[in-house]
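What the coordinates show
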Amino acid sequence: CRLYSIACFLTLKQWYQRRVRGSINGERLGTYNGHNGAIWDMAVTTDSLMLVTASADQSSIIWDTETGKILQTLSAKSPVRSCGFSLTNNILCITTDRAMNQPCFIKFYDMRDSDQLVNNEPFREIEMTDAKVNRMIWGTVEDYIITGHENGQLCQYDWKTGERLKTVHDHDNLIKDLQLSKDRTMLVTASKDTTAKLFDAKDFKQLKSFKTDRPVNSAAVSPLKHHILLGGGQEAMEVTTSHTKSGKFEARFFHLIFEEEIGRVKGHFGPINTLAFHPSGKQYSSGAEDGYVRIHDFDQSYYDFEYDF
């Protein structure tokens with residue numbers, strides 16, 4: 001099992017989660033060098049042969065995961081904020097920031113057409129005339145993408161026509177993260193407005209809302225239990241780092257159905273920026289501004305826990 005991490009230090013790292021005497025050793029397999037700015041997002045193909053990164057250096061790079069070789073560099077006129085491959089790996093989508101007198105764009109490339117990649121000519125561009133896209137993922141099926149915007153909007157776009165299919169505005173501030181459930185039927189959003197919300201991934205009907213007292217930077221749906229995992233915290237510049245309680249940097253577990261908090265995990269001493277469950281649901285990883293990626297194994301008490309209602 002492999003874990004990829006990105007940071008504001010220009011590099012992408014690959015880690016091997018090999019078990020040694022029952023524990024994960026976290027051996028680093030390699031570093032992907034090529035960007036000259038912070039890396040904001042990354043995505044891996046479903047066959048794990050390629051990955052793509054989005055960077056503040058105004059570029060998106062497609063890599064060979066095995067060798068670390070740069071396969072293609074896609075240049076932009078403003079920072080690239082998010083990226084992702086479609087379920088068949090045939091279509092690549094990237095989004096750019098509204099900056100440097102440039103509008104925000106959503107761009108689509110056909111991975112089967114080498115001319116589009118070599119000449120940096122996407123087959124479709126969608127210009128954002130209102131709020132910029134901060135996060136993008138592919139939807140339940142390959143027909144559309146889901147975008148989270150700086151003003152709290154959540155949208156669906158048809159990549160074939162460029163049409164906006166749906167828009168909801170249930171958040172009051174920047175959407176920081178979007179993640180689908182394992183079966184891709186539910187979507188969880190994380191927002192700077194201190195909430196995470198659960199939606200039907202197809203029709204955008206809001207199903208649940210999880211309220212906290214801090215900005216939520218990331219949220220994930222457990223593939224094993226009815227749990228939602230949230231992470232965030234106050235901005236590092238606003239709090240002291242002398243104690244983990246100062247900025248409320250714990251990962252928080254909520255019951256998916258009853259919307260109540262059921263547990264917290266301490267460890268980081270900076271805001272948590274990203275969370276992800278292992279596909280088995282028996283582990284989760286967290287990355288924070290303290291410079292650490294932590295891999296957490298659930299003990300037996302987690303599996304034995306039953307919500308009392």
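Our structure's up above, just so we're on the same page.
The present account deals with the structure reproduced in this document. (Residues numbered from 1 in each chain as written. Predicted model: local features only at pLDDT ≥ 70, side-chain atom pairs only at ≥ 80, totals over all residues. Heavy atoms only, no water.)

The next thing to look at is the sheet that holds strand 14 (residues 133-138). The four strands lie next to each other as 14-15-16-17, forming an open sheet whose pairing is antiparallel. Each edge of the open sheet carries a strand with a single partner, namely strand 14 and strand 17 (164-168). Strand-to-strand twist across the sheet, computed as the mean angle between neighbouring axes with direction ignored, equals 20 degrees. When strand 16 (residues 154-158) meets strand 17, the two strands line up antiparallel, connected through four bridges. Counted as the bridge partner of Y157 is R164 from strand 17. (Pairing = 2+ DSSP bridges. Helix = DSSP H or I, 4+ residues; strand = E, 2+ residues; numbered from the N terminus. Axes fitted to C-alpha atoms, helices over the stretch in contact; angles between N-to-C directions.)

Looking now at the pairing of strand 24 (residues 251-255). Among the five residues in strand 24, five count as buried, and that is most of the element. What you see with strand 24 is no split at all: A251, F253 and H255 on one side and R252 and F254 on the other are buried throughout. Taken together, the four bridges between strand 23 (residues 227-232) and strand 24 define a ladder with antiparallel strand orientation. Looking across to strand 24, one finds that L229 is bridged to F253. Relative to strand 25 (residues 261-265), strand 24 runs antiparallel, the two sharing four bridges. By the bridge assignment for strand 25, F253 is matched with G263. Between the end of strand 24 and the start of strand 25, which pair antiparallel, lie five residues, with E259 showing a positive phi angle near 65 degrees. (Buried < 20%, exposed > 50% of the residue type's maximum accessible area, 1.4 Å probe, protein only.)

The buried fraction of strand 8 (residues 59-64) is high, at five of six residues. Hairpin connection, strand 7 (residues 50-55) to strand 8: the antiparallel pair is bridged by three residues, and Q58 has positive phi, about 70 degrees. Across five bridges, the pairing between strand 8 and strand 9 (residues 70-75) is antiparallel. Pairing of W63 across the sheet is with I70, part of strand 9. Between strand 8 and strand 9, which follow one another and run antiparallel, lie five residues, and G68 among them has a positive phi close to 80 degrees.

Our next topic: the pattern of salt bridges. Per the counting criterion, the structure on display carries 13 salt bridges. Of the charged contacts, one joins K107 and E125 as a salt bridge, the two residues approaching to 3.8 Å between their closest N and O atoms. Taken together, the residues span a long stretch of sequence, with K107 in strand 12 (residues 104-110) and E125 in strand 13 (residues 124-128) at a distance of 18 residues. On the basis of relative accessible area, K107 is assigned to the buried category, the value being 11%. By relative accessible area, which is 43% here, E125 ends up partly exposed. Salt bridges sharing common partners tie together D213, R214, K248, E250, R252, E261 and R264. (Salt bridge = Lys/Arg side-chain N within 4 Å of Asp/Glu carboxyl O.)

Non-glycine residue N89 carries a positive phi angle of around 70 degrees. By the secondary structure assignment, N89 is in the loop between strand 10 (80-85) and strand 11 (91-96). With a relative accessible area of 12%, N89 lands in the buried category. Unlike most non-glycine residues, E259 shows phi in positive territory, near 65 degrees. One can find E259 in the loop between strand 24 and strand 25. E259 gets classed as partly exposed once you look at its relative accessible area, which sits at 33%.

Turning next to the side chain of H255. Examined against the element boundaries, H255 turns out to sit in strand 24. Its relative accessible area of 8% is what places H255 among the buried residues. There is a polar contact of 3.1 Å between the side chain of H255 and the backbone nitrogen of I257. (Polar contact = N/O pair within 3.5 Å; in protein donor to acceptor, adjacent residues only side chain to side chain.)

Just geometry here; none of it tells us what the structure is for.
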